[in-house]
Structures are given as structure tokens and as C-alpha cells.
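Structural characterization, general
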Amino acid sequence: MAERIGYITRVQSFSACHRLHSPDLSDEENKKVYGKCNNPNGHGHNYKGLYFIYLWSVFIVVLHQLSDVIMTPLDHKNLDKDVPYFSTVVSTTENLAVYIWDHMVREVPEGLLYEIKIHETDKNIVVYRGE
Ligand SMILES: Nc1nc2c(c(=O)[nH]1)N=C([C@H](O)[C@H](O)COP(=O)(O)OP(=O)(O)OP(=O)(O)O)CN2
Ligand SMILES: [Zn+2]
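Residues numbered from 1 in each chain as written. Chains lettered and ligands numbered in written order. Predicted model: local features only at pLDDT ≥ 70, side-chain atom pairs only at ≥ 80, totals over all residues. Heavy atoms only, no water.

**What to know about the overall build of the chain**
- Helices and strands together make up the secondary structure of the chain, namely four helices and five strands.
- Shown N-terminal to C-terminal, the secondary structure of the chain runs as helices and strands in the order β-α-β-α-β-α-α-β-β.
- Counting only C-alpha atoms and orienting by the principal axes, one finds that the chain spans roughly 65 × 25 × 25 Å.
- Buried residues in the chain amount to 39% of all 131 residues. (Helix = DSSP H or I, 4+ residues; strand = E, 2+ residues; numbered from the N terminus. Buried < 20%, exposed > 50% of the residue type's maximum accessible area, 1.4 Å probe, protein only.)

**A word on unusual backbone geometry**
- Located in the positive-phi region is His76, a residue other than glycine, with phi close to 60°.
- Along the chain, the position of His76 falls in the loop between helix H2 (60–70) and strand S3 (77–78).
- Since its relative accessible area comes to 65%, His76 is described here as exposed.

**Examining the site of ligand 1**
- As a matter of local geometry, ligand 1 sits amid 13 residues, with Lys36, Thr93, Glu94, Glu120 and Thr121 nearest to it.
- Between ligand 1 and the protein, one listed contact pairs an oxygen atom with a side-chain N or O atom of His18 at 3.2 Å.
- Protein coverage of the free-state accessible area of ligand 1, which is 610 Å², stands at 60%.
- Counting residues per element, the ones that place at least two in the shell around ligand 1 are strand S2 (43–54) and helix H4 (93–104).
- Considering only residue class, the shell around ligand 1 consists of two nonpolar, seven polar and four charged. (Near = heavy atom within 4 Å. Polar contact = N/O pair within 3.5 Å; in protein donor to acceptor, adjacent residues only side chain to side chain. Areas by Shrake-Rupley, 256 points an atom, 1.4 Å probe, with all protein chains shown as cover. Nonpolar A, V, L, I, M, F, W, Y, C, P; charged D, E, K, R; others polar.)

**Concerning the pairing of strand S5 (residues 125–128)**
- Burial along S5 is one-sided: Val126 and Tyr128 are buried, while Ile125 and Val127, pointing the other way, are not.
- Note that strand S4 (residues 113–119) and S5 share four bridges and pair antiparallel. Bridging from a neighbouring strand, Lys117 pairs with Val127 of S5.
- In this antiparallel pair of consecutive strands, S4 and S5, the connection spans five residues. (Pairing = 2+ DSSP bridges.)

**A word on the nonpolar core**
- The biggest cluster of nonpolar side chains holds 23 residues, and the ones touching the most others in it are Phe14, Leu74, Leu79, Leu96, Ile100, Met104 and Ile116.
- Those elements that place two or more of their residues in this core are strand S1 (7–18), S2, H2, H4, S4 and S5.
- Counting residues per element, this core draws most heavily on H4, which supplies six residues.
- For Ile100, the contacting residues outside a window of four places in its chain are Phe14, Ile70, Met71, Leu74, Ile116 and Ile118. (Core = buried A, V, L, I, M, F, W, Y, C linked by side-chain atoms within 4.5 Å. Contact = heavy atoms within 4.5 Å.)

Here it is, written out as C-alpha cells:
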């Protein structure tokens, strides 16, 4: 009998602060591009991360471990100062989704990670599928 195909989703929330500031731009340019999000004191978000795994032959316990490996280390952190990746990469939600994808794809059997979705705010949601 053909194996059933499906997706399982794990939702993992974490709180972190950041500042949108590019080392490649002047302070003036950063203010112009990032506006309020360039405030030097930073600001915080209660991010909601969802990741979708292809085929539900992966047990929940593994999903829990994945959250522990990938998302929990971001919790209650200053992304720009505590996560080396963001010392040179602007901590936009797009780049955060790529960061989580690149770390998570190493932890699951090849081809099983389908999608990362990050809610930065109620209005700002990013989806990344490794493309
Ligand atoms: N392309 C992106 N644009 C913005 C990002 C991002 O990651 N990628 N991030 C931000 C800021 O981090 C910001 O904190 C969110 O700002 P904003 O969208 O204004 O906030 P809200 O969703 O709460 O919207 P309001 O209109 O302020 O209610 C900005 N842009
Ligand atoms: Zn922000």
C-alpha cells in the first residue's frame, strides 16, 4: 500500500530583541532605510516560528528536539549581539528564516524539511522553503 503523504507542523515561540542596522550603510542611510526599527536601543518581538516537516513518519519527539536545538537558543537573546550570524547579517525576519532553515536542514533527513514560517508581528510573516 502506498505510503500516505502529509506534513506535520511544529509551532515554537521565542522572544528576542534586535535592531535593523546594516554595517554596509552609513548611520543616515540606516535611519532612512529602516526607520523606527533602526533605534539604537533595539526593540523586541515575540516571534512565532513554525516548521513543516514532510511525511509524518518523523515522531513528535524529534520535532521537540529540533525546537530545542534551533529555536530555544534564540529565546531571550539580542539577535545582533548574541547570535554570531547576525553580527554581519541584518536581523530581518527574512534572514532569520534563512538562518533557522540552514540550521534545521542539517538536523533532519534530507528532503524532509518543507517550510519555515516566522511571524515577527501579527502583520509581518515570512515563509522560506530553502530556495
Ligand atoms: N522586509 C522586512 N521589513 C521589516 C522587517 C523585516 O524583518 N523585514 N522588520 C521590521 C521591524 O522589525 C519591526 O519591528 C516591525 O515593524 P512594523 O512592521 O512597523 O510593525 P508592525 O507589524 O507591528 O506594524 P505597525 O504598522 O507598526 O502596527 C519592519 N519591517
Ligand atoms: Zn523588529
